[in-house]
Amino acid sequence: MTGTLPPCPTCASDYTYEMGSLMVCPECAHEWSPEEAAEAADAAVIKDANGTPLAEGDTVTIIKDLKVKGSSTAIKVGTKVKNIRLVQGVGDHDIDCKVDGFGPMQLKSSVVRKA
């Protein structure tokens, strides 16, 4: 074996081993292909409405009015949201953040622009 084997993507165990073309984790029994994992990591890049890649801790601006469930007011265009976190949320909501005046919520990357 040459190089270091990657940790398990499910449980982060360092005790992975190769079995043919697959990687196997003895602790959680997860099997994966290193090529598929690399492709999934490339596809997991979250982009804003303009196609700019977003990163953890970025500041974004809302590009359209957003109705908020349970509130009579909406988040207005131009509202800045600081210190975002990228997550795999409900549906296609992939940004976890705290909006001033509304509290914590999840946003879609298609309604924000990197500031």
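Residues numbered from 1 in each chain as written. Predicted model: local features only at pLDDT ≥ 70, side-chain atom pairs only at ≥ 80, totals over all residues. Heavy atoms only, no water.

J.: Mind showing me how you'd approach the nonpolar core here?
T.: Soluble globular proteins tend to pack their nonpolar side chains together in the buried interior. One finds Cys97, Leu107 and Val112 to be the most contacted residues of the largest nonpolar core, which totals 16 residues. Put simply, the parts of the chain that give this core at least two residues each are β4 (60–62), β9 (93–99) and β10 (103–108). Looking at this core element by element, the count peaks at three residues for β9. Those residues in contact with Leu107, other than ones at most four positions away along the chain, are Ile62, Leu66, His93, Asp94, Ile95, Cys97 and Val112. (Core = buried A, V, L, I, M, F, W, Y, C linked by side-chain atoms within 4.5 Å. Buried < 20%, exposed > 50% of the residue type's maximum accessible area, 1.4 Å probe, protein only. Helix = DSSP H or I, 4+ residues; strand = E, 2+ residues; numbered from the N terminus. Contact = heavy atoms within 4.5 Å.)

J.: What's the story with the environment of Ile75 in this structure? I'm lost.
T.: Tracing the sequence through the fold places Ile75 in strand β6 (residues 74–75). Not counting residues up to four positions away in its chain, the partners in contact with Ile75 are Ile62, Lys64, Asp65, Leu66, Val68, Val99, Phe102 and Met105.

J.: I'm lost on the pairing of β9 in this one. Help?
T.: Note on strand geometry: in a regular strand, side chains alternate between the two faces of the sheet. Of all seven residues in β9, five are buried, a share of seventy percent or more. Both strand β8 (residues 85–86) and β9 contribute to a ladder of two bridges, which runs antiparallel. Bridge pairing links Leu86 to Ile95 in β9. Taken together, β8 and the strand that follows it, β9, pair antiparallel across an intervening segment of six residues, in which Gly91 is found at a positive phi of about 65 degrees. (Pairing = 2+ DSSP bridges.)

Keep in mind these values describe shape, not function.
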